[in-house]
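Listed below are the residues making up each chain.
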Amino acid sequence: MSTAAGGRPLGGDAGFKRLVRLLARAFYAGECPPKEAEPQDLPAGARISTRRDKNDYIGLGVLLLDLLAAAHGYVKDVVIMSQLGVSGKVANRALRHLQSEGLLQSEVTKTKVRRQNVEQPDDPELEARMSQMTNTWWSIAYPALMDSLHLRLYRIRELLKRHMGDGEDVAEYLCRRCGSTFTSLDAVHLLDPMTGAFRCEECQAELEANIDAAGLGGTSGGAASRQQMQQYAKRMLEKMELQLRPVLDQLDKLKDVAPPDFGSLRDWHQRQQDLQRRQQEQAARARLKMAQSGGAHDDMDDDQVLDWLARADVDVQLGEDGAAAAAAAGPSKELPAWFRGAESESVGLAASQDGPGGEAEQKREQQQPAGEDAEEQRRLQEAFLAAYLAQVQAAARSGQDDGDDEPAAKRAKLSTGGAVPGFKEEQVWDDVKIGQTKLEDVKPEQQQQQQQQQQQQPAEEADAADEDDWEDI
Amino acid sequence: MFYMMTLTKELEVHPRFFGPKLSLEIQRRLKEEVEGTCNGKYGFILAVFAVLETGRGLIREGSGAAVFNLKYSCICMKPFKGEVMDVVVTSVNKMGFFAEAGPLQVFVSNHLIPDGFEFNTAHEPCYQTADGEQKIVPASEVRLRIVGTRVDASDIFAVGSIKEDYLGCISAPL
């Protein structure tokens with residue numbers, strides 16, 4: 001799995017984690033929750049009583065999101081508080097704010113505890129409350145987070161574009177007194193010919209351009225302020241694109257990737273348990289393997305055992321010589337059959353050209369056919385030889401049928417180089433030998449096989465001698 | 001845009017016109033009743049071109065008037081969104097300016113006037129550029145593009161824009 005490095009956009013889970021980190025820094029670097037986000041509908045007295053303490057909690061949102069992103073799952077509120085060292089009230093307020101922004105999800109669990117050395121109250125209701133422990137579990141809700149981020153970006157762009165004057169062609173006018181709205185298509189009815197102003201059809205109050213609906217195009221301040229606002233909006237949009245570039249890049253990278261979904265707490269917990277069980281089973285298997293290979297250590301934990309297993313696997317694949325170098329390069333991908341063939345050929349050629357320098361390599365190449373490939377090749381070659389011999393013998397037999405009648409005529413034909421069965425098989429034998437010499441040049445790793453062939457050859461030559469004998473007869 | 005259309009009209013003629021000049025009277029009455037009206041479907045009927053068919057009039061019992069089912073060809077004008085047309089400015093205010101193209105009234109709101117123009121009330125309300133070279137005052141001719149129309153049963157109103165290349169003031173008033 002790749003790691004976050006040098007601002008490079010990442011895919012997969014690591015990509016989503018990075019997105020959360022970028023998002024936190026882009027939008028929640030200040031107070032969390034922001035001061036102006038306090039509820040406005042409270043009466044004045046209540047607001048004073050709910051004022052927060054004098055401490056600043058700048059960057060709390062970043063810390064919370066980083067922590068939850070790193071955990072990649074549900075985290076208990078107690079853990080969050082202990083790790084960040086903030087009071088439960090402050091952490092809760094920040095978490096609730098982030099939840100209302102659509103970034104987090106939470107679930108509450110209630111567990112019954114039996115406290116020792118506590119006076120048991122008489123009231124059963126109070127007793128029930130005292131014996132319950134409530135925990136809130138928090139996690140990042142990635143699907144909702146993606147939606148809210150897309151919506152946020154869309155709304156920023158939309159607002160700024162409207163303010164840039166690319167809004168509706170038809171301007172909207174608003175009556176401040178009665179709240180009715182009109183469009184510029186009603187202009188001819190709204191115009192007061194005496195003053196040149198637009199008047200409300202209902203209450204005759206002067207109309208103003210509706211800024212929210214039609215951008216900043218029609219402010220009563222005139223063209224100058226309109227231009228200023230448009231330029232400001234344009235600057236803001238450019239700034240936004242520049243500052244949010246990392247977030248946008250990351251978002252683009254994750255365009256087609258489904259966000260990780262933890263589901264409900266129960267599902268997540270179940271999955272975690274399954275995963276743990278699977279790991280334990282794997283570790284147990286690894287231990288068994290370890291014990292068989294004689295490297296058992298009881299003091300190793302499961303992770304170490306699995307690491308050992310992974311390392312051991314690499315060793316087995318690469319052999320003893322190049323193990324260190326290859327382990328540094330990591331486990332190589334298995335190559336397709338056609339590529340393996342081509343590679344061994346090219347390696348063979350290179351080795352044959354190397355001369356004395358390539359001896360070690362040749363040796364290694366010779367050792368390697370101890371594997372399955374060499375065996376299979378040998379088997380194939382033997383099968384080929386057997387089939388070939390059978391064919392040769394069949395041809396010889398047919399030649400015998402022809403040649404029994406007129407040996408003299410056959411000899412005459414031989415001297416003229418005609419196609420005589422007995423002669424043909426000798427020629428074919430030459431071809432085989434030529435082929436073998438060619439093979440010798442091309443594939444040093446097959447030297448072993450050739451040696452075997454040579455070992456077989458005396459027997460074959462004996463066969464050929466038999467045939468010669470037959471020819472003489 | 002202008003169209004040559006063939007339309008029909010039911011026309012009632014008083015018996016005192018029954019005579020050798022009946023056809024002339026029918027033509028006159030038709031022009032009087034139809035020209036300059038607005039129809040939601042065909043737009044403004046600008047001019048009657050020819051009366052194609054008068055048919056045989058039907059005498060009304062009691063009044064003695066004759067009713068003719070006329071078929072006539074006429075020139076219609078109907079504005080469409082996206083159309084470019086030349087208009088004459090009629091009034092200017094801080095919300096924009098009104099202009100007309102024949103029977104059609106067009107309003108150009110100030111956010112569809114290029115940024116270079118500023119509303120000025122020094123002498124008379126006008127939109128003018130900073131260098132004073134271009135000025136939109138009543139009676140100026142302006143080329144605009146229609147960005148929206150409102151079609152009522154008996155009226156058409158359009159909203160225009162001059163915030164585009166090749167649009168804007170084409171001549172100052174004489």
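What counts and what doesn't
Residues numbered from 1 in each chain as written. Chains lettered and ligands numbered in written order. Predicted model: local features only at pLDDT ≥ 70, side-chain atom pairs only at ≥ 80, totals over all residues. Heavy atoms only, no water. UniProt positions renumbered as here; feature names shortened; annotations may be inferred. Pairing = 2+ DSSP bridges. Helix = DSSP H or I, 4+ residues; strand = E, 2+ residues; numbered from the N terminus. Axes fitted to C-alpha atoms, helices over the stretch in contact; angles between N-to-C directions. Phe/Tyr/Trp six-rings, centres within 6.5 Å; stacked < 30°, edge-to-face > 60°. Buried < 20%, exposed > 50% of the residue type's maximum accessible area, 1.4 Å probe, protein only. Lys NZ or Arg CZ within 6 Å of the ring centre and 35° of its normal. Salt bridge = Lys/Arg side-chain N within 4 Å of Asp/Glu carboxyl O. Contact = heavy atoms within 4.5 Å. Buried area = accessible area lost by both parts, 1.4 Å probe. Polar contact = N/O pair within 3.5 Å; in protein donor to acceptor, adjacent residues only side chain to side chain. Disulfide = S-S within 2.5 Å. Expected span 1.5 Å × (residues − 1).

Under an unreviewed UniProt entry, the name given to chain B is DNA-directed RNA polymerase II subunit RPB7, and the organism recorded is Chlorella vulgaris. UniProt, in the comment section headed Sequence similarities (unreviewed entry), describes chain B in these words: "Belongs to the eukaryotic RPB7/RPC8 RNA polymerase subunit family." UniProt's Subcellular location (unreviewed entry) comment on chain B is quoted here verbatim: "Nucleus".

Asker: Explain the sheet that holds strand β5 (residues 181–183) of chain A to me, please; I cannot follow it from the model alone.
Answerer: Sheet strands pair via backbone hydrogen bonds, and the direction of the pair is either parallel or antiparallel. All names here are of chain A. Taken together, 3 strands build an open sheet; the order of strands is β5-β4-β6 and the sheet is antiparallel. The open sheet has two free edges, formed respectively by β5 and β6 (207–209), since each of these has just one partner strand. The mean inter-strand angle of the sheet, taken between neighbouring strand axes irrespective of direction, is 35°. Pairing between strand β4 (residues 172–175) and β6: 3 bridges, direction antiparallel. Bridge pairing links Leu174 to Glu208 in β6.

Asker: Explain the packing of aromatic side chains to me, please; I cannot follow it from the model alone.
Answerer: Between two aromatic rings, the relevant description is the distance of the centres plus the angle of the planes. One pass over the full model with this rule turns up 10 aromatic pairs over all chains. With 6.3 Å between their ring centres and 65° between their planes, Phe198 of chain A and Phe98 of chain B make a pair best called edge-to-face. Of this pair, Phe198 of chain A sits in the loop between α8 (187–190) and β6 while Phe98 of chain B is found in strand β7 (residues 96–101), placing the two residues in two different chains. Its relative accessible area of 0% is what places Phe198 of chain A among the buried residues. Overall, the relative accessible area of 2% leaves Phe98 of chain B in the buried class. Ring plane angle 40° and centroid distance 4.7 Å describe the contact between Phe98 of chain B and Phe107 of chain B, whose orientation is recorded as tilted. Seen from the ring of Phe27 of chain A, Arg152 of chain A lies directly overhead, with NZ or CZ sitting 4.4 Å from the centre.

Asker: In this structure, what is going on with the pattern of salt bridges? I would like to understand it.
Answerer: Pairing between side chains becomes possible if they bear opposite charge and their charged atoms approach one another. Residue and element names in this part refer to chain A. Per the stated rule, a full pass over the model turns up 21 salt bridges over all chains. The salt bridge partner of Glu241 is Arg157, with a shortest N-O separation of 2.9 Å. Here Arg157 lies in helix α7 (residues 142–163) and Glu241 lies in helix α10 (residues 223–243), a separation of 84 residues in the sequence. Relative accessible area serves as the criterion here: at 23%, Glu241 is assigned to the partly exposed category.

Asker: What is the right way to read the interface of chain A and chain B from this model?
Answerer: Interfaces are often sized by the amount of accessible area the parts lose when they come together. Tallying the contact residues gives 24 residues for chain A and 24 residues for chain B. A combined buried area of about 2000 Å² lies between chain A and chain B, and 56% of that area is made up of carbon and sulfur atoms. Applying the counting criterion to the chain A and chain B interface returns 2 salt bridges. The partner of Arg150 of chain B in a salt bridge is Asp186 of chain A, with the nearest N and O atoms 2.1 Å apart. Across the chain A-chain B interface, the total number found is 3 residue pairs in polar contact (both at pLDDT 80 or more). For the side of chain A that touches chain B, the elements supplying multiple residues, two or more each, are α8, β6 and α10 of chain A.

Asker: Teacher, can you tell me more about unusual backbone geometry here?
Answerer: Residues other than glycine predominantly adopt negative phi, and peptide bonds predominantly adopt the trans conformation. A positive phi is found at Gln204 of chain A, a non-glycine position, where the angle reads about 65°. Despite not being glycine, Ala139 of chain B shows a phi value in the positive range, around 85°.

Asker: Hey, could you run me through the state of the cysteines in this one?
Answerer: Throughout this description, disulfide means a covalent bond between two cysteine sulfur atoms. For the structure on display, the rule yields 0 disulfides over all chains. Counting only cysteine sulfurs, Cys203 of chain A is the nearest neighbor of Cys175 of chain A, a cysteine outside any disulfide, at a range of 3.4 Å. Cys74 of chain B takes part in no disulfide bond, and the closest cysteine sulfur to it belongs to Cys76 of chain B, at a distance of 3.8 Å. Taking relative accessible area as the criterion, Cys74 of chain B reaches 0% and is therefore assigned buried.

Asker: Looking at this structure, I do not really get the pairing of strand β9 (residues 117–120) of chain B. What am I missing?
Answerer: In the case of a regular strand, side chains alternate between the two sheet surfaces. Relative to strand β10 (residues 126–129) of chain B, β9 of chain B runs antiparallel, the two sharing 4 bridges. Bridge assignment links Glu118 of chain B to a residue of β10 of chain B, and that residue is Gln128 of chain B.

Asker: What exactly am I supposed to notice about helix α12 (residues 265–293) of chain A here?
Answerer: Think of an α-helix as 3.6 residues a turn; residues three or four steps apart then line up on the same face. Relative to the 42 Å expected for 29 residues at 1.5 Å per residue, α12 of chain A spans 41 Å between its end C-alpha atoms, a close match to the ideal helical length. The set of residues buried in α12 of chain A consists of Leu265, Trp268, Ala283, Ala286 and Met290 of chain A.

Asker: It is not clear to me how the sheet that holds strand β1 (residues 75–76) of chain A should be interpreted in this structure. Could you clarify?
Answerer: Residues and elements named next belong to chain A. The strand order across the open sheet built from 3 strands is β1-β3-β2, with neighbouring strands paired in antiparallel fashion. Unpaired on one side and paired on the other, β1 and β2 (104–112) mark the two borders of the sheet. Here 9 bridges tie β2 to strand β3 (residues 132–140), and the two strands are oriented antiparallel to one another. In the strand pairing of β3, Lys112 is matched with Gln132. Docked against the sheet, helix α3 (residues 60–71) engages β1, β2 and β3, running at close to 85° with respect to β3. Contacts from helix α5 (residues 88–100) reach β2 and β3, with the element oriented near 130° to β2.

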